[in-house]
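# Fold and geometry: a report
What follows is each chain in one-letter form.
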Amino acid sequence: MRLEKCWFCSSTIYPGHGIQFVRNDAKIFRFCRSKCHKNFKMKRNPRKVKWTKAYRRVHGKDMTQDTTFEFERKRNRPERYDRNIAEQTLKAIKGIVKTRHHRAQNHIKNRMKGNKRKEQEMEQEELKHGITLVKAPHVLQEEPPFTLPKVKVKTAPAQEEKIRAMEE
Amino acid sequence: MAAFIASRLSQVRRSLLGSLTNGRVSGLLGSASETTGNHLFAQQQQRTFIQMRTKLNVVDNSGAKQVMCIQALKGKKGARLGDIIVASVKEARPGGKVKKGDVVRAVVVRAAMQRGRCDGSEVKFDDNACVILNKQGEPVGTRVFGPVPHELRQKKHLKILTMAEHLA
């Protein structure tokens, strides 16, 4: 039994789900649900459809290059069953999932860095241009105008946490 | 207070923009969807049962190129992937084992209509194709081109499976 990946959205296809289309050159396209199949029939490019994994990968939304993904890679060579190895693998899975989760969170944090400052700046700008809508210019001359409170944003990028020691 | 003002301002701007562009955008979108729809309809292979007058490609070296189904030997509605049909040879290569106008039996090895697999998923192919059989139910040709489903094993067409280039 093998868990395949959907050609369109890259989600896991569990046995008994979805449909597969075999092209005449024997290339197999597997789809996890009719949504993905229909999008394929409409000749949509998964790299251009926002909800697919391919889009997120291309646009740097998700963490893509990581050692934790190596474990999930498709291997065509069958492994001989060994009780010890199977046990150790099962133990390692927990750790690997945890590490990946942690790294993904760090990735998002890094991507979101600097957004707060940008928002602040945009709001400042808008306030500068739109202040006359709230207060007439001659009133403004008498009173001091609105200002946004200063927000401290860290400028130095924090070092990415290094947890390279993988437990296999 | 400042944030509130900023949000109000941006809302106004958005609504203005929306009212300006709405008419034109909808017109453009409508025309685009129509054209793609027509294009798709022309390209799609009809996905129904293989019934009387369905034309199938012959994917072996028996000499026939195209056959027309004249009877499905199983099922009320028609034949599906892996079923046996009676067919009349419509096009044939000169000097082949089968001649034009012959009435032959053939097994459907590829069908554009999806067929359920034993685990509940589905499989479908690019075109409708068959392999010609003799009266004993053995293939006439010695080669089979293109992908072939593994369901033929259940139907006892092992010879076709061994001759096939690809299994799907």
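Use the structure listed above.
In short, a report on the structure. These numbers were taken from a predicted model, which means no experiment stands behind them.

Helix and strand counts for chain B come out as two helices and nine strands. Its helices and strands in sequence order give chain B the pattern α-β-β-β-β-β-β-β-β-α-β, from N to C terminus. Burial statistics for chain B: of 168 residues in total, 39% are counted as buried. If you take every contact in chain B between residues at least 6 apart in sequence, the share linking residues at least 24 apart comes to 49%.

Below, the discussion takes up the sheet that holds strand β1 (residues 55-58) of chain B. Residues and elements named next belong to chain B. In spatial order, the strands read β1-β2-β3-β4-β7; together these five strands close into a barrel with mixed pairing. Direction aside, the axes of adjacent strands within the sheet are offset by 55 degrees on average. The pairing of strand β3 (residues 84-92) with strand β4 (residues 103-110) spans five bridges and is classified as antiparallel. Directly across from Ser88, in β4, lies its bridge partner Val103.

Here we take up helix α3 (residues 83-112) of chain A. Residues and elements named next belong to chain A. Taking 1.5 Å per residue, 30 residues should reach 44 Å; α3 reaches 44 Å between its end C-alpha atoms and fits that length. The largest bend in α3 is about 25 degrees, located at Ala92. Taken together, the buried positions of α3 are occupied by Ala92, Gly95, Ile96, Thr99, Arg103 and Asn106. At the C-terminal side of α3, Gly114 shows a positive phi close to 90 degrees.

Below, the discussion takes up the packing of aromatic side chains. Residues and elements named next belong to chain A. A complete count under the given rule lists nine aromatic pairs over all chains for this structure. When the centroid spacing of 5.5 Å and the interplanar angle of 45 degrees are considered together, the rings of Phe8 and Trp51 count as tilted. Linking Phe8 in the loop between β1 (4-5) and β2 (12-13) with Trp51 in the loop between α1 (34-41) and α2 (53-58), this pair joins segments that are 43 residues apart in sequence. Overall, Phe8 belongs to the buried group, its relative accessible area being 0%. With 6.1 Å between their ring centres and 25 degrees between their planes, Phe21 and Phe29 make a pair best called stacked. Residue Phe21 is classed as buried on the basis of its relative accessible area of 11%. Taking relative accessible area as the criterion, Phe29 reaches 4% and is therefore assigned buried. One aromatic cluster in this structure is built from Trp7, Phe8, Phe21, Phe29, Phe31, Phe40 and Trp51. Just above the ring of Phe29 sits the side chain of Lys27; from NZ or CZ to the centre is 4.8 Å. In this structure, Lys35 packs its charged tip against the face of Trp51, placed 4.0 Å from the ring centre.

About the cut-offs
Residues numbered from 1 in each chain as written. Chains lettered and ligands numbered in written order. Predicted model: local features only at pLDDT ≥ 70, side-chain atom pairs only at ≥ 80, totals over all residues. Heavy atoms only, no water. Helix = DSSP H or I, 4+ residues; strand = E, 2+ residues; numbered from the N terminus. Buried < 20%, exposed > 50% of the residue type's maximum accessible area, 1.4 Å probe, protein only. Contact = heavy atoms within 4.5 Å. Pairing = 2+ DSSP bridges. Axes fitted to C-alpha atoms, helices over the stretch in contact; angles between N-to-C directions. Expected span 1.5 Å × (residues − 1). Bend = angle between axes of the 7 residues up to and from the residue. Phe/Tyr/Trp six-rings, centres within 6.5 Å; stacked < 30°, edge-to-face > 60°. Lys NZ or Arg CZ within 6 Å of the ring centre and 35° of its normal.

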